[in-house]
Amino acid sequence: MTRRFDFLVIGSGIAGISFALKASKYGKVAILCKTTLGESNTSYAQGGIASVTNEQDSFEKHIQDTLIAGDGHCNEEVVKKVVTEAPSQIKELVEWGIEFDKDENGQFDLHREGGHSDHRILHHKDNTGFEIQQGLIRRLEKEPNIEIFEHHFAIEILTQHHLGKYVTHHTQGVECYGAYVLDQHTNNIHTFLSKVTLMATGGIGGVYSTTTNPDVATGDGIAMVYRARGIVKDMEFVQFHPTALYHPGDRPSFLITEAIRGYGAVLRTKKGKEFMHKYDVRGSLAPRDIVARAIDNEMKTHGHDFVYLDVTNKDPEETKLHFPNIYKKCLEYGIDITKDYIPVSPTQHYLCGGIVVDMNAKSSIDRLYAAGECSCTGLHGANRLASNSLIEAIVYADAAVKDAIKHIDKLEFNESIPDWNDEGTSLPEEMVLITQSFREVEQIMSTYVGIVRSNLRLKRAMSRLEILYRETENLFNKSVVSREICELRNVISIAYIIIKHAIARKESRGLHFTADYPKRLGKDI
Ligand code: FAD
Ligand code: SIN
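We now turn to the structure provided with this report.

Considering the overall build of the protein
Of regular secondary structure, the protein possesses 14 helices and 18 strands. For 525 residues, the compact-globule estimate of 2.2 N^0.38 gives 24 Å, and the protein sits close to it at 22 Å. Principal axes of the C-alpha set define a box for the protein whose edges measure 65 × 50 × 50 Å. Across the 525 residues in the protein, those meeting the buried criterion constitute 60%. Of all intrachain contacts in the protein linking residues separated by at least 6 positions in sequence, the fraction that spans at least 24 positions is 74%. Carbon and sulfur atoms provide 49% of the accessible area of the protein, an area that totals close to 21,000 Å². Taking the 61 positively charged and 71 negatively charged side chains of the protein as two groups, their mean positions are separated by 4 Å.

In structure tokens, the structure reads:
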């Protein structure tokens with residue numbers, strides 16, 4: 001079946017839904033999500049959303065903090081754009097009914113996180129993302145121009161390639177006409193034609209064996225764009241959150257928000273000794289790349305699987321009030337955070353790189369925009385400042401709508417796109433071929449392409465991955481399409497690009513640290 005929408009939105013996190021809400025004033029919108037509307041990285045965000053909201057703080061300070069964290073690799077124009085547009089986007093979220101905590105004077109109760117020189121993180125208790133996601137979903141109910149497709153998996157974006165016109169390089173002008181989409185309930189593959197498409201598929205946690213991301217985060221959007229010859233950049237900058245709760249087997253790993261360190265918690269070795277001052281004058285509140293590497297080094301030096309986070313020095317009632325979900329979750333595991341140290345270890349959390357977009361959120365592929373974690377705007381550079389990603393997503397979703405509506409009237413559906421061709425395919429005989437390959441990708445990436453890398457590790461990762469790539473492409477070409485085989489193909493593509501970009505970077509910068517080139521080069525590469 002072919003469906004037609006002015007705007008096709010792939011992803012239902014903050015980027016996708018906020019785009020849809022605004023675009024629906026100008027045409028018909030479809031939102032696709034591969035499970036349910038509420039299952040996204042956005043829903044899991046804890047700490048909050050960064051924005052200058054009072055006079056003691058300033059745009060200049062937020063800009064400087066972002067540039068410092070980004071380690072000389074940010075696009076300064078983009079940083080200025082996001083920081084200065086943040087307050088109006090926050091205002092809009094509030095108008096949409098999303099609530100941020102306030103103090104007794106009715107002012108926003110602001111948290112502080114690593115790398116921030118001031119308190120500027122708006123939050124809703126310690127589950128800000130859930131409040132935002134639910135608020136956006138409530139708002140969707142009021143919009144008749146938006147159709148929602150849950151359990152619909154985007155397989156590929158449609159380009160000239162599907163008309164038999166092969167494009168070998170992005171400079172040849174690729175155009176996006178929509179996507180092939182698998183309805184996971186019926187197993188039918190539909191053609192969604194669009195005038196404009198927004199890629200908003202979020203993160204890549206599925207590539208690593210431990211991650212704070214939910215299962216939907218398998219880098220699908222980036223892999224689709226890469227296959228369609230779109231430009232993808234900075235993939236070596238994978239962010240590991242320093243403090244995920246150490247509880248082997250949990251997937252996703254439960255996050256212990258950085259805001260708890262802003263509140264006064266300190267890191268200690270397994271023997272109870274503070275160590276962060278050895279690595280950075282900012283101690284436990286240094287930017288997260290530094291803290292994650294310090295923890296990794298302490299764990300490796302002492303042969304420990306975790307370090308401790310200690311918040312027992314703070315008033316217990318206040319701790320429970322600020323971090324009720326963390327308190328409750330830890331208690332389920334027998335840890336009373338007001339009395340006990342919390343075992344934590346670094347875990348994959350965020351990707352700074354992705355689909356390259358300009359200041360209008362336009363990708364290198366015509367009629368295709370990208371926003372949120374799957375995009376690379378230039379805001380984060382080599383290391384994202386805490387709580388800068390929700391704000392980036394909403395600022396760029398807004399930019400995408402503003403640009404798209406200038407062109408939409410001139411665009412037509414491409415009616416020449418053929419239906420999906422599944423001739424000669426059959427159901428894979430054994431699911432274990434897919435599940436085991438998935439585990440192997442995760443292991444390769446966690447073992448060789450983690451916080452500390454080296455030439456030898458990256459080379460080994462690439463040669464192991466090549467075997468999985470060949471086996472999987474072979475399986476994909478003869479299999480009936482399923483979400484599982486597509487995700488496997490996508491995580492292999494993402495792993496490949498991360499390794500390729502990591503090999504190309506002959507220096508250590510931000511989140512990319514390699515033992516063979518431990519210094520940062522003067523020039524930005
Ligand atoms: P997401 O919210 O991840 O949404 C992705 C959507 O894409 C989902 O709906 C999914 O179903 C859909 N999708 C994916 N692939 C397909 C496909 N093939 N077909 C159809 N649909 C697809 N950032 C902050 O700024 N502050 C924080 O405090 C913070 N805390 C965090 C805590 C945790 C535990 C995590 C995991 C992240 C946190 N982040 C935080 C990061 C932030 O939450 C994410 O970067 C941001 O929410 C991403 O939003 P998004 O709209 O780009 O994607
Ligand atoms: C956290 O709450 O520590 C996560 C914040 C972020 O990822 O920006």
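Alright, that's what it looks like, and here's the rest.
Overview of the site of ligand 1
Taken together, the neighbourhood of ligand 1 is formed by 37 residues, with S12, T42, G48, D220 and E373 sitting nearest. At 2.6 Å from an oxygen atom of ligand 1 is found a side-chain nitrogen or oxygen belonging to E373. Between an oxygen atom of ligand 1 and a main-chain N or O atom of L390, the distance comes to 2.9 Å. Protein coverage of the free-state accessible area of ligand 1, which is 1,000 Å², stands at 98%. Elements supplying a minimum of two residues to the shell around ligand 1: α1 (14–23), α2 (41–44), β6 (152–158), β13 (342–351) and α11 (389–407).

Details of the environment of E156
Mapped onto the fold, E156 is located in strand β6. Sequence separation between E156 and A461 is 305 residues; the distance between their C-alpha atoms is 26 Å. When neighbours within four sequence positions are excluded, E156 is seen to be in contact with H162, G178, A179, Y180, M224, R227, W420 and R489. Side-chain polar atoms of E156 contact the side chain of R227, separated by 2.9 Å.

A few points about the site of ligand 2
The local shell around ligand 2 consists of Q46, G47, E113, H241, L255, T257, E258, R288, H349, R384, A386 and S387. Side-chain polar atom of R288 to an oxygen atom of ligand 2: 3.0 Å apart, as the coordinates give it. When the residues that make up the shell around ligand 2 are grouped by side-chain class, the tally is two nonpolar, six polar and four charged.

A short note on the sheet that holds strand β12 (residues 307–310)
If you trace the four strands from one edge of the open sheet to the other, you get β10-β13-β12-β11, paired in antiparallel fashion. Edge positions in the sheet fall to β10 (238–245) and β11 (266–268), since each has one partner strand and no second. On average, adjacent strands in this sheet sit at an angle of 45° to one another, irrespective of strand direction. In the sheet, β12 pairs with β13 via three bridges, with the strands oriented antiparallel. Within β13, the position partnered with L309 by the bridge is I342.

Concerning the packing of aromatic side chains
All told, the structure shown has twelve aromatic pairs when counted by the stated rule. Ring centres 4.9 Å apart and planes at 35° place the aromatic pair Y246 and F306 in the tilted group. Here F306 lies in the loop between α8 (288–302) and β12 and Y246 lies in the loop between β10 and α7 (259–262), a separation of 60 residues in the sequence. Residue Y246 is classed as partly exposed on the basis of its relative accessible area of 24%.

Observations concerning helix α10 (residues 324–332)
Those residues of α10 that sit buried are I326, Y327 and C330. Mapping the buried residues of α10 onto a view down its axis gives an arc of 100°, with all of them on the same face. When the buried face of α10 is taken as reference, the exposed residues oriented beyond 90 degrees from it are K328 and E332. Residues of α10 that are buried in the fold lie against β10, α9 (316–322) and β13. Within two residues after α10, G334 carries a phi angle of roughly 80°, on the positive side.

Section: the pattern of salt bridges
Any two side chains of opposite charge can pair, given that their charged atoms come close. Within the structure shown, the criterion is met by 37 salt bridges. The partner of K80 in a salt bridge is E77, and the shortest N-O contact between them spans 4.0 Å. Of this pair, K80 and E77 both sit in helix α4 (residues 76–95), separated by three residues, roughly a single helical turn. Judged by its relative accessible area of 36%, K80 is partly exposed. Between D234 and K233 there is a salt bridge, with its nearest N and O atoms 3.6 Å apart. What makes K233 partly exposed here is its relative accessible area of 39%.

Notes on the packing of helix α6 (residues 220–227) against helix α14 (residues 483–504)
At a minimum axis distance of 9 Å, the contact between α6 and α14 shows a crossing angle of 75°. Classified by the angle their axes make, α6 and α14 are roughly perpendicular. Each of D220, I222, A223, Y226 and R227 in α6 lies in contact with α14, whose residues at this interface are E487, R489, N490, S493, I494, Y496, I497 and K500. Per-class residue counts for the contact of α6 with α14 are six nonpolar, two polar and five charged.

Structural notes on the environment of Q46
By secondary structure assignment, the location of Q46 is in the loop between α2 and β3 (49–50). Setting aside its immediate chain neighbours within four residues, Q46 contacts K125, D126, N127, T128, F254, L255, I256, T257 and I326. Among the polar contacts listed, one links the side chain of Q46 to the backbone nitrogen of T257, at a separation of 3.0 Å.

Re the pairing of β6
Counting buried positions over the seven residues of β6 gives seven, a clear majority of the element. Of the pairings in the sheet, the one linking β6 to strand β7 (residues 178–183) comprises six bridges and is antiparallel in character. Opposite F153, over in β7, you have L182 as the bridge partner.

Some thoughts on the environment of S437
Mapped onto the secondary structure, S437 falls in helix α12 (residues 432–448). On the basis of relative accessible area, S437 is assigned to the buried category, the value being 7%. Measuring from C-alpha to C-alpha, the distance between S437 and N490 comes to 12 Å, with 53 residues separating the pair along the chain. Other than its neighbours up to four places away in sequence, S437 contacts V432, L468 and L488.

Describing the side chain of R509
Within the secondary structure layout, R509 lies in the loop between α14 and β18 (513–514). Its relative accessible area of 1% is what places R509 among the buried residues. A distance of 2.9 Å separates the side chain of R509 from the backbone oxygen of D71, its partner in a polar contact.

Reading the values: rules and limits
- Residues numbered from 1 in each chain as written.
- Chains lettered and ligands numbered in written order.
- Predicted model: local features only at pLDDT ≥ 70, side-chain atom pairs only at ≥ 80, totals over all residues.
- Heavy atoms only, no water.
- Helix = DSSP H or I, 4+ residues; strand = E, 2+ residues; numbered from the N terminus.
- Rg over C-alpha atoms; globule rule 2.2 N^0.38 Å.
- Buried < 20%, exposed > 50% of the residue type's maximum accessible area, 1.4 Å probe, protein only.
- Contact = heavy atoms within 4.5 Å.
- Areas by Shrake-Rupley, 256 points an atom, 1.4 Å probe, with all protein chains shown as cover.
- Lys, Arg positive; Asp, Glu negative; His and termini not counted.
- Charge placed at Lys NZ, Arg CZ, Asp CG, Glu CD.
- Near = heavy atom within 4 Å.
- Polar contact = N/O pair within 3.5 Å; in protein donor to acceptor, adjacent residues only side chain to side chain.
- Nonpolar A, V, L, I, M, F, W, Y, C, P; charged D, E, K, R; others polar.
- Pairing = 2+ DSSP bridges.
- Axes fitted to C-alpha atoms, helices over the stretch in contact; angles between N-to-C directions.
- Phe/Tyr/Trp six-rings, centres within 6.5 Å; stacked < 30°, edge-to-face > 60°.
- Arc of directions from axis to C-beta.
- Salt bridge = Lys/Arg side-chain N within 4 Å of Asp/Glu carboxyl O.
- Parallel < 35°, antiparallel > 145°, perpendicular 65-115°, else oblique.

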